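# Inside the fold
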Amino acid sequence: MTVARTGDLVAAAAARGGATAAFNVVTLEHAEAIVAAGETVGVDIILQISENAVRFHGGRLQPITAACVELARGAAGPVAVHLDHVTEASLAGEAAAAGFSSLMYDAGALPYGENVAATTREAERAHAAGLWIEAELGYVGGKPDAVQSAHAAGVRTDPDEAAAFVAATGVDALAVAVGSSHAMTAQTARLDVALIQRLRAAVPVPLVLHGSSGVPDDELRAAVAAGIAKVNVGTALGQAMTGSIRATLAADPALVDPRKFLQPARAAMTDAVAHVLTVLAG
């Protein structure tokens, strides 16, 4: 199968009033689990590789990307490959040649004017390379070395500012701060669904929810009904993987064959992804 394009999947989800899910890939096992879950549930999915994941792989973008592209090609259903949370212009410039159809440029921690200027430059370059581009307004907290958070004392994405930002930058989708946060290990986030509705009415491009691992299932459904068209999930996979590995090694402290703990860990991640996909489908 041909690798799907992120923009097509998100546009189709928005048109039907639903959301497509994007899952963070760190290892090959992550990607295999995500694709397997998409095939089981029978829905399209997005494999996304973050700048932090690229750093984990020694700064080499191509190896993990090539693996994701190959899995997408062999999948039974539509799978897209997305480069996520890019802050380095040099990395953004590698996206098209590496096989991505999209990227998220993250200047959300910058003051509004600087965010607009930087994002506009990257949007122009992305579009020239045939890439769909997502950006962020209202800094979503929880990432390593974050210097500020959109979730401190009522900070959220303002609908009027969001509309102006999209008009100024020409981005294709906007990640908004509405109550979620990266790296949450418990589903305790409380989303401002009314704000999502206002943003949907004000912003002419699809809205993206980051930090979705910390959002309860019912609130995730409500967010999609209110206008979220792309849902990003990462930490839930890490929890499933490490929880499984801990249990396997605790049961057999002498175990040294990594396949013996990676296989159940991959299965646990598949279940975690399938759960999210089922929530979004329902």
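Residues numbered from 1 in each chain as written. Predicted model: local features only at pLDDT ≥ 70, side-chain atom pairs only at ≥ 80, totals over all residues. Heavy atoms only, no water.

Another aspect to go through is the overall build of the protein. Tallying secondary structure elements over the protein gives 12 helices and eight strands in all. By the compact-globule yardstick of 19 Å for 282 residues, the protein fits well, its C-alpha radius of gyration being 18 Å. Seen along its three principal axes, the alpha-carbon backbone of the protein occupies a region of about 60 × 40 × 35 Å. Within the protein, the proportion of its 282 residues that are buried is 52%. Counted over contacts in the protein with a minimum sequence separation of 6, partners at least 24 positions apart contribute 71%. (Helix = DSSP H or I, 4+ residues; strand = E, 2+ residues; numbered from the N terminus. Rg over C-alpha atoms; globule rule 2.2 N^0.38 Å. Buried < 20%, exposed > 50% of the residue type's maximum accessible area, 1.4 Å probe, protein only. Contact = heavy atoms within 4.5 Å.)

With that out of the way, let us pick up the side chain of D106. One can find D106 in the loop between β4 (102-105) and α7 (112-128). When its relative accessible area of 7% is taken as the criterion, D106 is described as buried. A distance of 2.8 Å separates polar atoms of two side chains, one belonging to D106 and the other to H85. (Polar contact = N/O pair within 3.5 Å; in protein donor to acceptor, adjacent residues only side chain to side chain.)

What follows covers the sheet that holds strand β7 (residues 207-209). Around the barrel, which closes on itself, the eight strands sit in the order β1-β2-β3-β4-β5-β6-β7-β8 with parallel pairing between neighbours. Between one strand axis and the next, the sheet turns by 25° as a mean value, whatever way the strands run. Along the sheet, α7 makes contact with β4 and β5 (132-137), crossing β5 at roughly 170°. (Pairing = 2+ DSSP bridges. Axes fitted to C-alpha atoms, helices over the stretch in contact; angles between N-to-C directions.)

Here the focus is helix α11 (residues 235-251). Here α11 is 17 residues long and its end C-alpha atoms lie 24 Å apart, about the 24 Å a rise of 1.5 Å per residue gives. For α11, the full list of buried residues reads L237, A240, M241, S244, I245 and T248. Viewed end-on, α11 has its buried residues packed into an arc of 120°, placing them on one side of the element. Facing away from the buried side of α11 by over 90 degrees, the exposed positions are R246 and A250. Where α11 is buried, its residues meet β1 (20-24), α2 (28-41), β8 (228-233) and α12 (258-281). (Expected span 1.5 Å × (residues − 1). Arc of directions from axis to C-beta.)

These values are about where atoms sit, not about what they do.
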